[in-house]
Amino acid sequence: MAGIKVHGSVFSTATQRVFASLYEKELEYELVPVDMKAGEHKKEAFLSLNPFGQVPVLEHGDQKLFESRAITQYIAQEFPDKGTQLACPGKPIAPLLVWKEVEALQFDPPSSKLNWELVYKSMFGMTTDPAAVEENEAKLAKVLDVYEARLSQSKYLACDSFTLVDLHHLPNINVLLGTPVKKLFDARPHVSAWAADITSRPAWAKVVALLKH
Ligand SMILES: N[C@@H](CCC(=O)N[C@@H](CS)C(=O)NCC(=O)O)C(=O)O
């Protein structure tokens, strides 16, 4: 046991990002469940771990980290010899840095909004806003056009190996593929093949299994 604790919820896409990196690295961890329905993430004990009151938080030795993408990068760098590399061995780091930002700043905003409108709102008894769906589908379609061009030249987004960049997409893609937004993936052969490839990884299957408990 590497002494890793993850404070979060299995239903949180940001927490799932961290689980995916831990499974890729074949690391054991302890899940400390945060009861978000009870607002535990806004209470003093949790705010002392993340003053922004959001999951996940990772504890490893003296380190306490928040922001899921910083956590996955920490895990990849702290355990370079375990499991999957999650980097581009022998290749320049520049494309990985660029596409990591693309996921966070271009792909994530419309994807998260679509997931909220099409899946999570109904869980809270709220109604989908069709105008928000239309607007964010159009935004996501433009991002996926760029991905289609990129993935016609490169097996994965950063290079020809599966990296943190691809991994960061998994939680949102997993939700989107269960909604009508799947059509945007199906319409783009390289994007569709890439999504099928990354969601079929054994490490990701372990994250999906957590959702079924
Ligand atoms: N940028 C943060 C986002 C974290 C985030 O939005 N977490 C959600 C759950 S997926 C949360 O805690 N929401 C509660 C809130 O914002 O009050 C990350 O990647 O860790």
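All of these numbers come straight from a predicted model, not from anything done at the bench.

### Some points on the nonpolar core
Stage number 1. Among the nonpolar cores identified, the biggest contains 49 residues, and Ala20, Leu22, Ala158 and Val191 are the most heavily contacted of them.
Stage number 2. The greatest single-element share of this core, amounting to 7 residues, is contributed by helix H6 (residues 164-176).
Stage number 3. Counting contributing residues, this core receives three or more from each of domain 1 (4-83) and domain 2 (94-201).
Stage number 4. Sequence-distant contacts of Ala158, that is, excluding residues within four places in its chain, are made with Cys88, Pro95, Leu96, Trp99, Thr163 and Val165.

### Concerning the sheet that holds strand E2 (residues 30-33)
Stage number 1. Strand order in the open sheet formed by 4 strands is E2-E1-E3-E4, with mixed pairing between adjacent strands. On the outer flanks of this sheet lie E2 and strand E4 (63-66), each paired with one strand and no other. On average, each strand axis in the sheet is inclined to that of its neighbour by 20 degrees, with strand direction left out of account.
Stage number 2. Where helix H1 (residues 13-24) meets the sheet, its contacts fall on strand E1 (4-8) and strand E3 (57-60), and the angle it forms with E1 comes to roughly 160 degrees.

### A few points about the packing of helix H3 (residues 68-78) against H6
Stage number 1. Axis separation between H3 and H6 bottoms out at 11 Å; the angle between their running directions is 140 degrees. If you check the angle between H3 and H6, you find them oblique. For the pair H3 and H6, the sense of crossing is right-handed. Mapping the contact onto sequence places Arg69, Thr72, Gln73 and Ala76 in H3 and Leu164, Leu167 and His168 in H6.
Stage number 2. Among the residues making up the contact of H3 with H6, the classes are represented as 3 nonpolar, 3 polar and 1 charged.

### A closer look at unusual backbone geometry
Stage number 1. For the peptide bond that leads from Val55 to Pro56, omega is 5 degrees, which places it in the cis range.
Stage number 2. Phi is positive for Glu67, close to 75 degrees, though the residue is something other than glycine.
Stage number 3. As for its placement among the helices and strands, Glu67 is situated in the loop between E4 and H3.
Stage number 4. Judged by local crowding, Glu67 falls into the partly exposed class, with 17 C-beta atoms found within 10 Å.
Stage number 5. The residue Leu86 is not glycine, and still its phi comes out positive at about 65 degrees.
Stage number 6. Along the chain, the position of Leu86 falls in the loop between H3 and helix H4 (94-123).
Stage number 7. When the 25 C-beta atoms within 10 Å are taken as the criterion, Leu86 is described as buried.

### Section: the UniProt feature "domain: GST C-terminal" (unreviewed entry) in the protein chain
Stage number 1. According to UniProt, the "domain: GST C-terminal" (unreviewed entry) feature falls on residues 89-213.
Stage number 2. Taken as a whole, residues 89-213 contains 73% helix and 0% strand, while its terminal C-alpha atoms sit 36 Å from one another.

### Thoughts on the site of the ligand
Stage number 1. The ligand sits among Ser12, Thr13, Ala14, His41, Gly53, Gln54, Val55, Glu67, Ser68 and Arg69.
Stage number 2. Breaking the shell around the ligand down by element, the ones donating at least two residues are H1 and H3.
Stage number 3. Class assignment for the residues of the shell around the ligand results in 2 nonpolar, 6 polar and 2 charged.

### Thoughts on the pairing of E1
Stage number 1. Burial analysis of E1 places 4 of its 5 residues in the buried class, which makes it a mostly covered element.
Stage number 2. In the classification by handedness, the crossover that spans E1, the intervening H1 and the parallel E2 is right-handed.

### A word on the packing of H4 against helix H5 (residues 130-151)
Stage number 1. Axis separation between H4 and H5 bottoms out at 9 Å; the angle between their running directions is 150 degrees. Crossing of H4 against H5: the hand is left-handed. In contact with Gln106, Phe107, Pro110, Ser111, Lys113, Leu114, Glu117 and Leu118 of H4, H5 contributes Ala132, Val133, Asn136, Glu137, Lys139, Leu140 and Val143.
Stage number 2. Partitioned by chemical class, the residues of the contact of H4 with H5 number 8 nonpolar, 3 polar and 4 charged.

Rules behind the numbers
Residues numbered from 1 in each chain as written. Predicted model: local features only at pLDDT ≥ 70, side-chain atom pairs only at ≥ 80, totals over all residues. Core = buried A, V, L, I, M, F, W, Y, C linked by C-beta atoms within 7 Å. Buried ≥ 20, exposed ≤ 12 C-beta atoms within 10 Å, placed from the backbone. Helix = DSSP H or I, 4+ residues; strand = E, 2+ residues; numbered from the N terminus. Domains from an automatic or database assignment. Contact = placed C-beta atoms within 7 Å. Pairing = 2+ DSSP bridges. Axes fitted to C-alpha atoms, helices over the stretch in contact; angles between N-to-C directions. Parallel < 35°, antiparallel > 145°, perpendicular 65-115°, else oblique. Left-handed = near helix turned anticlockwise from the far one by under 90°. Nonpolar A, V, L, I, M, F, W, Y, C, P; charged D, E, K, R; others polar. UniProt positions renumbered as here; feature names shortened; annotations may be inferred. Near = placed C-beta within 6 Å. Right-handed = clockwise from strand over helix to strand, strands pointing away.

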